[in-house]
Amino acid sequence: MPPGSLVHIGDFDEEETRISVIDYGRIDLEEPVVETVEDLLKFREKDSITWVCLEGLKNVEITELIGKYFNIHPLVLEDILNTHQRPKFEEYDDYLYIVLKGLSSGENDSSSVDFRVKYEQVSILVLNDFVFTFKERKDDLFLPLVQRIRNSTGRIRSLGSDYLTYALLDTIVDQNFLLLDSMDEQVDDIEEELLTNPTSDTLVAIQRLKRELIDIKRATSPQRELLSAILRSDHELISEKIHIYYRDVFDHVLRITESVDSYRDMLGGLLDIYVSSVSNKMNEVMKILTVFASIFIPLTFIAGIYGMNFEYMPELKWKWSYPVVWLVFITLPTVLIIYFKKKKWL
Amino acid sequence: MPPGSLVHIGDFDEEETRISVIDYGRIDLEEPVVETVEDLLKFREKDSITWVCLEGLKNVEITELIGKYFNIHPLVLEDILNTHQRPKFEEYDDYLYIVLKGLSSGENDSSSVDFRVKYEQVSILVLNDFVFTFKERKDDLFLPLVQRIRNSTGRIRSLGSDYLTYALLDTIVDQNFLLLDSMDEQVDDIEEELLTNPTSDTLVAIQRLKRELIDIKRATSPQRELLSAILRSDHELISEKIHIYYRDVFDHVLRITESVDSYRDMLGGLLDIYVSSVSNKMNEVMKILTVFASIFIPLTFIAGIYGMNFEYMPELKWKWSYPVVWLVFITLPTVLIIYFKKKKWL
Amino acid sequence: MPPGSLVHIGDFDEEETRISVIDYGRIDLEEPVVETVEDLLKFREKDSITWVCLEGLKNVEITELIGKYFNIHPLVLEDILNTHQRPKFEEYDDYLYIVLKGLSSGENDSSSVDFRVKYEQVSILVLNDFVFTFKERKDDLFLPLVQRIRNSTGRIRSLGSDYLTYALLDTIVDQNFLLLDSMDEQVDDIEEELLTNPTSDTLVAIQRLKRELIDIKRATSPQRELLSAILRSDHELISEKIHIYYRDVFDHVLRITESVDSYRDMLGGLLDIYVSSVSNKMNEVMKILTVFASIFIPLTFIAGIYGMNFEYMPELKWKWSYPVVWLVFITLPTVLIIYFKKKKWL
Amino acid sequence: MPPGSLVHIGDFDEEETRISVIDYGRIDLEEPVVETVEDLLKFREKDSITWVCLEGLKNVEITELIGKYFNIHPLVLEDILNTHQRPKFEEYDDYLYIVLKGLSSGENDSSSVDFRVKYEQVSILVLNDFVFTFKERKDDLFLPLVQRIRNSTGRIRSLGSDYLTYALLDTIVDQNFLLLDSMDEQVDDIEEELLTNPTSDTLVAIQRLKRELIDIKRATSPQRELLSAILRSDHELISEKIHIYYRDVFDHVLRITESVDSYRDMLGGLLDIYVSSVSNKMNEVMKILTVFASIFIPLTFIAGIYGMNFEYMPELKWKWSYPVVWLVFITLPTVLIIYFKKKKWL
Amino acid sequence: MPPGSLVHIGDFDEEETRISVIDYGRIDLEEPVVETVEDLLKFREKDSITWVCLEGLKNVEITELIGKYFNIHPLVLEDILNTHQRPKFEEYDDYLYIVLKGLSSGENDSSSVDFRVKYEQVSILVLNDFVFTFKERKDDLFLPLVQRIRNSTGRIRSLGSDYLTYALLDTIVDQNFLLLDSMDEQVDDIEEELLTNPTSDTLVAIQRLKRELIDIKRATSPQRELLSAILRSDHELISEKIHIYYRDVFDHVLRITESVDSYRDMLGGLLDIYVSSVSNKMNEVMKILTVFASIFIPLTFIAGIYGMNFEYMPELKWKWSYPVVWLVFITLPTVLIIYFKKKKWL
């Protein structure tokens, strides 16, 4: 398959592409039903902001047509369709291209075993008065934002496509905090399990979480570069006064990166505890064995002595021999038990 | 909840906001009782320095009004109220915004188990002749500074809002040294415990301290950037001649960062000792078992031989057999004990 | 052997050098059979792109002649022939020199034991309208690219030698993704083996993979510098509008580097699991031993008591002694087994 | 205690401050006895270099007066008196301030247990033709330098205060080499102990050395910044032609930093050996136990068989039974011993 | 000993200094016998390149005289004689000073135990048409280079002192590849030993190699800085067209640095294997013990039952008791052995 031909490469079952459009200005708001890419062209003349959200990447021809009508570089289209992109920010003459990963904690039931992070690639194309978002899946990620545009007569409605882009990035990045919260619970659960009843399952859980963290780190740490590239950029599509909002997202990204790093340190600590508690357990087993063996092996030897069949064993005939031996049988273990208690083995 | 609406996000029980004001110049000092934000407006005309200290962030409307009257950016107000900020320094045209964490070692009784660091977010707004501080809790953190302003007729009274800001930062940063001192005691306690009587509780204590350190590092290491950003800044609100004071705080921050790093190294070392001492203990247990088993198992076998019931066992009838066997019973363990002593197992 | 004399240094069995040439323009395409270096000279006058692919480095004189006719620096010729080069990019007045490693996963049968990465040095000389590639071995690496040139009437045919160079780099770099996929399978296989049946072979497999990763890292991480050097370069042989393609390869290189790093982390995690599971196994063995010993050693002692031959042992004559002793023989182990079950040792 | 008031903060018992002065030029040398700070003022007019060495920081008023007469910033005076400074270099209009740590290996008897590094803060104030040094303790650190000034008619006498400062730094930094030499001995001692007879004391010694290294690193690594700051500085008090000398000290500092890092690596290696040798020892103990148990437990069982009291046990009556059993008693252990020898357990 | 007096500080037995000189141009070549430093002066007027090689540093006065006649800074002379220098490159007005370490793998017999790297300090003074090399020892390091100058009529004879310097650096750096090859063999040997028969000697060998690597790293990693400093330099003694050669050496240095780092990783991996294989061995020992004990302890108990002397033990009188007990003696171990085989302990 030669480079240059557009193909969708992704892990999700192919879903039919759904196009939804919001066209808004300070006063007006329109949510037209759009069937074909050509329907979008009329919004080009309008002065209002048009946000086109595509969910599902199966219908490659839609992306191709958008590329054609809006004059997007073929490599950008390829990147939109290939969902294994590294988060990045690219400036072109007439538009900006942003691609990053939306992370969600998967199923609602966040039980210890099923914790799996879901990754969805989100591409954002920022043009003058036009914003395209390409999502792999149909979900409610941007619903709150849509509501805010519908209801609000405030900030978002009076600012341009750069503010909308900020709002999109903010939504995607802030989702990570939810993820980290559920990560936090996981770590606490494992820690408690370790201190009460560590099993080899706990080890598997630690390892699984560690792998998840490696993946999360790979998805989130390039966001740092991405945002600092946006902040450094002096592209005319990002106005100076919106910079402060991007700086705010940048701070969030920094906090997330630091959190991920500290969770890693914590998991390393949990592994140390696991190894130590396994050693402790073995110690305990060894102590039980040693106590039993040390008490009964000498006694068995004594009993063995008087089980010998020599003809000349004077003790065998003495009347008090048997009670004396019992005395030994009782005092010897008592002494040893006191000794082991002193050593804190019992 | 859309961005743009101010809400208090924090971990502390909501306390009613308390406003206290000191207005001072080289000669005059006034501590007016302030009920409403409007009461502050009259100080704007005065040439003196006005320090407004707000404790407790519950009454969001107070922050909102300050924002309105003093023309503060909404994002800054959001950051003041959301107490999960990363320490940072932001420059605006008319004011500076500093946010950082005040650390205190919690309860007075710094017993090994209850060691918990308390984090309080402190926001500082520096305007021309005006300084606002927003604290999450009511405590005595700034009391010494208030006293110095009241008593002093010296440096602090004759310098501007930039020096007051330095004094605030200095107070917050130097608090960390107290924390590190109590950390030092903790580490020493654990080390002694490790060398005398390591238990699994010691491991838990090490792990807990490690987690605290991870949190402390997250709270303190961005202070480094914060202060170097202040030092790099050429904002007119920070005069050149005050730079040397900020450089002093910067040095303190560097020392704290280095201390935190070295405590981490030390805790890593303690964990190594713990693991080794658990191994050592197991070694000891094994030696006891081995000594007991190696001595008595052969003896029991010998006793077993002469407990056999064969008809033709000539030794059974010899008169000296029994004493000879006793001789063996005594010499064999003696030899083994000497051998084990040589191996330093006893 | 003095520096300055050209010698082939490499690990592959010397193969006869094979020269293949494609000369193409927007419309025409020619694949002449070339026997001697002199045959290439006529293409110098033509305006079309000429790609000369040399496979096998045995015939040193060919490289020498190319150097002579195309005015290549002797050190570059040495680097082409010595196949232990670090990937790098060098700019000269009239040409560019790129050297990097092509990685392939060796045999088709990617069984756990035989996983060996094969490294092949590929040198690329980029002149105006001329591209030379020097490969160590004859293989199909560039076959898809040759096909694309033959069939395509599109991008590749209408662009210059810089685009061809991009296509070559893209081919070499993207090969690594295949390698990482098979690496992925390996890691998963080992992980499953670890959780089901870890043997010392598993350890050897982990170690072998670790060494492979060290080598892969050494081969791929300089590619990052290489591509950022190309992107920084303003050599006239790389036109501005092709930069976006190199940036695309750069992104791929970044993804590969990050993957390699995360595989390393994962292998570190596998080693931790291995060590822990060995400890767990020992724990299990110790428990079995302890259970057996703790149950039967006391019983043996009791049997030993009544095997003693004292004359005055009243119990021996009682009728119910034997059944009572059996009762003890049955209850004692039952109690111990319940105890061990509670401790989860059984 | 408000900032701004000068207080001595330090770990050493307060010693009375001793002032010693050397005033020297190319030809003349004077060592006046100085009682009060005022006595120093007359040297200000002289063209010669005046080196004032203060030992002991108890008499705060002396430092205060020097600050007053020589116009030193109050923060610098605070830093001189507070002996917990991070090594640093600060430039002021009329003077330079350098503070760093002098390290010495404590007691003469460098026995393994008592190895403690002593840290002394040395502050250097460099003015035009004036150099002040503030030392915490009275010792012979600068004695060789004093001798050189007294005797020499060479380089040091003909160069300015910048060369004297170099000589002071050189003296302080080179002292570290002595320390590292004794560190070297320590590491070698521990390594030998580890290979011959590792005890838990060895572990404690490793840990202690590790902590010392953490402290040494904290004291020496900022010297690197310090000297590169001096080299970058273009302050008129450091003339261009003296730079080469500072670069020499810089090289020494680099060597020290690298040595400290490599000692750390070595100590990490020693810990690995310790842990491994503890495991090895346990292995040895287990082998002894296993050999004893495996040999005698089967034999005891055999003896037990013929200790049974069944009426119908034909072997009991055979004449050769007893010798045959003895044969078994001898061959069985022999076989096992050969087996264990083969496994290299004996 | 005051700084400024020249003394030889080094680890080698003092050897008498040997001076050898080659004076060469494009056509002429002269190898005069030189007794005194004064003999060198006449070559200053000649236009040809003069290479003066001093081997052995004992005769300090020779270095001193060279310094005097060729106007070398005293600190450079000190650095030449003190053989504990960090590799570095220093530019002076009229000359360049390069110092670095020549590494050789010591004895010819590279047996596992005797592997010791030998370090020799080589100083290079580059003047216009004059190159001095100062070596600690007399060896054949530069012999191939001498031969090339003698025989060659090519590149080296037609280029200046900068090319000769390149050739010297190239010779010294490329020697490291030989060292790394023998390191490679060592690592392979140890790895094989680990997988077949790990002993505590293997651990010592790993540790020794680790220490060697730490030293090699310290000697080679500053070469990187050294060469990048040469490449950055625009000193007139290094002409632009020779830069490409230095870049070549730089690449070699990078390869060496990367190799050293990867050997370190490998040794870390070997240590992990060692620890694991010790654990594995202990596991094996424990299994043997557990199998023996678990089989024979129950049997001994059964034999013990029928060794009891109760009067009323009906089984004792039954005819088939003894064979039945034997049946138990045979089936019980069989069952256990099958169980242990299933658990893969046998």
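Reading the values: rules and limits
- Residues numbered from 1 in each chain as written.
- Chains lettered and ligands numbered in written order.
- Predicted model: local features only at pLDDT ≥ 70, side-chain atom pairs only at ≥ 80, totals over all residues.
- UniProt positions renumbered as here; feature names shortened; annotations may be inferred.
- Helix = DSSP H or I, 4+ residues; strand = E, 2+ residues; numbered from the N terminus.
- Contact = placed C-beta atoms within 7 Å.
- Pairing = 2+ DSSP bridges.
- Axes fitted to C-alpha atoms, helices over the stretch in contact; angles between N-to-C directions.
- Least-squares fit on C-alpha atoms with pLDDT ≥ 70 in both.
- Domains from an automatic or database assignment.
- Buried ≥ 20, exposed ≤ 12 C-beta atoms within 10 Å, placed from the backbone.

Going by the annotation in an unreviewed UniProt entry, the name recorded for chain A is Magnesium transport protein CorA, with Gimesia fumaroli given as the source organism. Recorded under Sequence similarities (unreviewed entry), the UniProt text for chain A is reproduced unchanged: "Belongs to the CorA metal ion transporter (MIT) (TC 1.A.35) family." A UniProt comment under Function (unreviewed entry) is attached to chain A, and it reads "Mediates influx of magnesium ions."

## Description of the overall build of chain A
Tallying secondary structure elements over chain A gives 8 helices and 7 strands in all. Dimensions of chain A, computed from the C-alpha atoms along their principal axes, are close to 120 × 45 × 30 Å. Put simply, 71% of the contacts in chain A that link residues at least 6 apart link residues at least 24 apart.

## Section: the sheet that holds strand S2 (residues 29–30) of chain A
All names here are of chain A. Spatially, S2-S1-S3-S7-S6-S5-S4 is the arrangement adopted by the 7 strands of the open sheet, whose pairing is mixed. Looking along the sheet, the strands with just one partner apiece sit at the ends: S2 and strand S4 (88–91). In this sheet, S2 lies alongside strand S1 (residues 18–24) in antiparallel orientation, the contact comprising 2 bridges. In the sheet register, Tyr-24 faces S2, and the bridge partner there is Leu-29. Contacting strand S3 (49–55), strand S5 (96–104), strand S6 (118–127) and strand S7 (130–135), helix H5 (residues 161–196) crosses the sheet at an angle of about 25 degrees to S5. Across the sheet, helix H6 (residues 200–232) lies against S4, S5 and S6, angled at about 150 degrees from S5, the strand it touches most.

## So, the relation of the copies chain C and chain A
Mapping chain C onto chain A leaves a residual RMSD of 0.2 Å; the transformation is a rotation of 72 degrees accompanied by 0.0 Å of translation along its axis. This pairing of chains is accounted for by a five-fold axis. Closest to the rotation axis within chain C is the C-alpha of Gly307(C), separated from it by 4.6 Å.

## Here's the deal with the UniProt feature "transmembrane region" (unreviewed entry) in chain A
All names here are of chain A. Mapped onto this structure's residue numbering, the UniProt feature "transmembrane region" (unreviewed entry) falls at residues 288–308 and 320–340. Between the C-alpha atoms that bound residues 288–308 the distance is 31 Å, and the span itself is 86% helix and 0% strand. Between the C-alpha atoms that bound residues 320–340 the distance is 30 Å, and the span itself is 95% helix and 0% strand.

## Focus on the domain arrangement of chain A
Interface size is commonly expressed as the accessible area that is lost once the parts come together. Structurally, chain A comprises domain 1 (18–276) and domain 2 (281–342). Look at where the C-alpha atoms of domain 1 of chain A and domain 2 of chain A centre, and you get two points 73 Å apart.

## Thoughts on the pairing of strand S7 (residues 130–135) of chain C
Residue and element names in this part refer to chain C. Taking burial as the measure, the 6 residues of S7 include 6 buried ones, the bulk of the element. The side-chain alternation of S7 yields two buried faces, one formed by Phe-130, Phe-132 and Phe-134 and the other by Val-131, Thr-133 and Lys-135. Here 6 bridges tie strand S3 (residues 49–55) to S7, and the two strands are oriented parallel to one another. Bridge pairing in S7 links Thr-50 to Phe-130. Here strand S6 (residues 118–127) pairs with S7 via 6 bridges, running antiparallel. Of the residues in S7, the one forming a bridge with Ser-123 is Phe-134. Hairpin geometry of S6 and S7 is characterised by an intervening segment of 2 residues between the two adjacent antiparallel strands and by a positive phi of about 65 degrees at Asp-129.

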